[in-house]
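# A structural walkthrough
Now for the letters of each chain:
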Amino acid sequence: MIPELGHFALIVALLLALTQAILPLYGAQRGNLTLMGVARPAAQGQFVFVALAFGCLAWSFLNNDFSVLNVAKNSFSQLPEVYRFTATWGSHEGSMLLWVLILAFWSTAVSVFSRHLPEDMAARVIGVMGLISVGFLAFLLTTSNPFVRLLPAAMDGNDMNPLLQDWGMIIHPPMLYMGYVGFAVAFAFAIAALLSGKMDVAWARWSRPWTTVAWAFLTFGIMLGSWWAYRELGWGGWWFWDPTENASFMPWLAGTALIHSLAVTEKRGAFKAWTVLLALIAFSLSLLGTFLVRSGVLSSVHAFATDPARGAFILGFLAVVIGGSLVLYAWRAPKMVTGSGFTWFSRESLLLANNVILVAALGSVLLGTLYPLLMDAMGLGKISVGPPYFNSVFVPVMAPALFLMAIGPLARWKEASLPDVITRLKWALGVALAVGLLVPLGLGGFKPWAALGFFLAAWIALSVLAGFVDRLKHGQGSLVHKLSTLPRGFWGMQLAHFGMAVGIAGIAVVANYQTERDVRMELNSYAELAGYTFTFRGTTEHDGPNYRAARGTLEVSRDGRQVATLHPEKRVYNASGMAMTEADIHPNVYRDIYVAMGEQLDDGGAWTVRLFYKPFINWLWFGALFMVFGGFLAASDKRYRIALRRSEMPKHVAAQGA
């Protein structure tokens, strides 16, 4: 009965989504307040029923209901309970239900926190999000129903993919989807503005905090995915330029450009058409990335042939959402009135240059991701586009954007003085050049890419310091008082920029100075790497809840002093018989010691073991966390709430308050 209840809840949610989409949009067009008022309760009701459906699917997994096909394919009676729950979104059908749940959550959040918006704008925004929900719910019910029964029921399940049986996967997909789907809010605001024809700065001010929060979630999700791959795959890598990774990275690049463009539109009334286009692109790439990953097209471009209905629905839905939004944009964009002008050197011009570079970098990633798929789909042969292409194209394109990142916050709006900016940053430039030249020599040899990374990291970090100095010299009172009066938006921007500097420094070190060895190790033999001695003490048999493992023991020492004892494993899962490597890592702020088991070579206990020394790799995660915290802090700036309240005041009252 529980699966049937979940299926029924999805049907009710679809009806509510149709109500949420049709009535408010029609009411906004006709000026009917009654119809517009339907938007909020319909969105909240849809969330309740989607949450009910999700709860029913989770119950089926937790209770090993193998009469549900989805559960039988993706769970196992021996699977630990926490992974039975995460298996809820471990399949295509479950992940689509998670997408719909998070979309309903965002719709509900907009309905709750949009009381200060004009009623017609709120109705249009919530209505557009309802249209997106209709598409996804219809997709679930017609081609990807997670509640399909299996009769007779299976005796047991096929087990969850062993790669996903990691606690990082408990939070990685929800956080990633919070970012993916969060861009639907910016998309909805942009479409609402295009429908209304009111392309003033108000819609940018309303959508800016929502976009920043979505960007922060997506940053966190990408970080967790990279960290999971580093820990779980046993290769010691943190970014592979895999199409699945690129599918999330492309919306992040578009979202980064969007939040900077929104700042210009809100402050100066400029870039309106550009900002709207970026909002459409960011969510369109989220849709493209989700469907590329979940449709199976990345594993085989012919995957649609095995499920023609699902493939046709995906392509049709993408065409309607992306094509329809671009047609609406082409109709309305020429009517947008630009804001006041600016000179060639100003904060506006620097942000515009940065955005153009970000879009060019996005184009290079999009080309490298889709070109092999298109070639294969057209029968022109299989080609591989991997790290050599992306490293040689993406990195040089992004370097100028990272350089300009340091200058933009110190330039004035409308017109800035180049000599003044040079005066304020010349010391930072000198120090950054010294860092870029000297630090590589201290790490084992000069390498050009490492020098560039260290220069950019120091340049951005010192510009953050210069930004604080510039702000604090104009204030009054103690240093603590001055810091406490700085707006959260400023703090958030600077923390995010500092996080980028920390991440670049980590990349520069680990990409250029990491070392590794693949060695044959027998009982009590040893190997050396980066000044550490690894002594192999053999393996023991270990039984996990749903696997059997050979657990190795390696003692790590340096200069005769023991540093750590690591226990990598080679696992074989009971249901699938799949062999997996479970690495063990000894981390600290400055390096990781990473050990992974290979294959057993003979009955005498010899194994292949892969040893890694990863200097400063954790700075990647630290930098990303700074960026995430900065994003949330910027979105919480009280100026947004004050601006929203003023938008409801009579004009003469708002003017007095200003």
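Quantities reported herein were computed from a predicted structural model and do not represent experimental measurements. (Residues numbered from 1 in each chain as written. Predicted model: local features only at pLDDT ≥ 70, side-chain atom pairs only at ≥ 80, totals over all residues. Heavy atoms only, no water.)

Enumeration over the complete set of coordinates arrives at 17 salt bridges. The shortest N-O distance in the salt bridge between Glu 4 and Arg 149 comes to 2.9 Å. Of this pair, Glu 4 sits in helix α1 (residues 2–30) while Arg 149 sits in the loop between α7 (119–143) and α8 (168–196), and the two are 145 residues apart along the sequence. Given a relative accessible area of 30%, Arg 149 falls into the partly exposed group. The partner of Lys 473 in a salt bridge is Asp 470, and the shortest N-O contact between them spans 3.6 Å. The exposed category is assigned to Lys 473, whose relative accessible area is 54%. Beyond isolated ion pairs, a larger network of salt bridges with shared partners links Asp 420, Arg 424, Asp 470 and Lys 473. (Salt bridge = Lys/Arg side-chain N within 4 Å of Asp/Glu carboxyl O. Helix = DSSP H or I, 4+ residues; strand = E, 2+ residues; numbered from the N terminus. Buried < 20%, exposed > 50% of the residue type's maximum accessible area, 1.4 Å probe, protein only.)

Side chains of a nonpolar character, in soluble globular proteins, are inclined to be buried together. Grouped together as the largest cluster of nonpolar side chains are 171 residues, with contacts concentrated most on Trp 106 and Phe 136. Residue contacts for Phe 136: discarding those within four places in its chain leaves Met 96, Trp 99, Val 100, Leu 103, Leu 287, Phe 291 and Phe 317. The next biggest cluster of nonpolar side chains, apart from the first, holds 19 residues, and it includes Ala 550, Ile 593, Met 597 and Val 609. (Core = buried A, V, L, I, M, F, W, Y, C linked by side-chain atoms within 4.5 Å. Contact = heavy atoms within 4.5 Å.)

Right, let's get into a nonpolar patch on the surface. A cluster of nonpolar side chains, contributed by Ile 11, Leu 15, Leu 18, Ile 22 and Leu 23, occupies part of the molecular surface with about 400 Å² of accessible area. One can find Ile 11 in helix α1. Here Ile 11 falls in the partly exposed class, since its relative accessible area comes to 35%. (Patch = residues over 30% accessible without salt bridge, like charges linked within 9 Å, V, L, I, M, F, W, Y side chains within 5 Å. Areas by Shrake-Rupley, 256 points an atom, 1.4 Å probe, with all protein chains shown as cover.)

This part is about the domain arrangement of the chain. Taken as a whole, the chain is organised into domain 1 (1–165), domain 2 (174–301 + 318–405) and domain 3 (515–618). Taken over C-alpha atoms, the centre of domain 1 sits 42 Å from the centre of domain 3. Contacts between the two partners involve 10 residues from domain 1, matched on the other side by eight residues from domain 3. Both sides together, the interface formed by domain 1 and domain 3 hides about 730 Å², and carbon and sulfur atoms give 62% of it. Counting the contacts that link domain 1 with domain 3 gives zero salt bridges. Counting the contacts that link domain 1 with domain 3 gives three residue pairs in polar contact (both at pLDDT 80 or more). In terms of residue class, the side of domain 1 that touches domain 3 is made up of five nonpolar, four polar and one charged. (Domains from an automatic or database assignment. Buried area = accessible area lost by both parts, 1.4 Å probe. Polar contact = N/O pair within 3.5 Å; in protein donor to acceptor, adjacent residues only side chain to side chain. Nonpolar A, V, L, I, M, F, W, Y, C, P; charged D, E, K, R; others polar.)

Strand order in the open sheet formed by four strands is β1-β10-β9-β8, and the pairing between neighbours is antiparallel. Whereas interior strands pair on both sides, the edge strands pair on one side only; in this sheet they are β1 (515–521) and β8 (584–587). Geometrically, the sheet is characterised by an average inter-axis angle of 15 degrees between neighbouring strands, direction not taken into account. Relative to strand β10 (residues 607–615), β1 is paired through seven bridges, and the arrangement is antiparallel. If you follow Glu 516 over to β10, its bridge partner there is Phe 612. (Pairing = 2+ DSSP bridges. Axes fitted to C-alpha atoms, helices over the stretch in contact; angles between N-to-C directions.)

Packing of helix α13 (residues 347–377) against helix α14 (residues 387–407) brings their axes to within 9 Å, and their N-to-C directions diverge by 165 degrees. Viewed along their axes, α13 and α14 adopt a mutual orientation that is roughly antiparallel. Relative to α14, the crossing made by α13 is left-handed. For the pair α13 and α14, the contacting residues are Leu 350, Ala 353, Asn 354, Ile 357, Leu 358, Ala 360, Ala 361, Ser 364, Val 365, Leu 367, Gly 368 and Thr 369 in the first and Tyr 389, Phe 390, Val 393, Phe 394, Val 397, Met 398, Pro 400, Ala 401, Leu 404, Met 405 and Ile 407 in the second. When the residues that make up the contact of α13 with α14 are grouped by side-chain class, the tally is 19 nonpolar, four polar and no charged. (Parallel < 35°, antiparallel > 145°, perpendicular 65-115°, else oblique. Left-handed = near helix turned anticlockwise from the far one by under 90°.)

This part takes up the side chain of Asp 159. You can see Asp 159 is positioned in the loop between α7 and α8. Separated by 3.4 Å, the side chains of Asp 159 and Gln 165 make a polar contact. Apart from the residues lying within four places of it in its own chain, the contact partners of Asp 159 are Lys 73, Asn 74, Ser 75, Phe 76, Leu 79, Gln 165, Asn 546, Tyr 573 and Ala 575.

Examined against the element boundaries, Gln 20 turns out to sit in helix α1. Under the relative-accessibility criterion, Gln 20 is labelled buried at 0%. Taking the C-alpha atoms as reference, Gln 20 lies 8.5 Å from Val 128; in sequence the two are 108 residues apart. Those residues in contact with Gln 20 that sit more than four places away from it in its chain are Ala 39, Ala 42, Ala 43, Gln 46, Ser 107, Ile 126, Gly 127, Met 129 and Gly 130.

With their axes 8 Å apart at the nearest point, helix α16 (residues 448–472) and helix α18 (residues 488–513) run at an angle of 160 degrees to one another. Taken together, the axis directions place α16 and α18 in an arrangement best described as roughly antiparallel. Note that α16 runs across α18; the crossing there is left-handed. Class assignment of the residues belonging to the contact of α16 with α18 gives a composition of 18 nonpolar, five polar and one charged.

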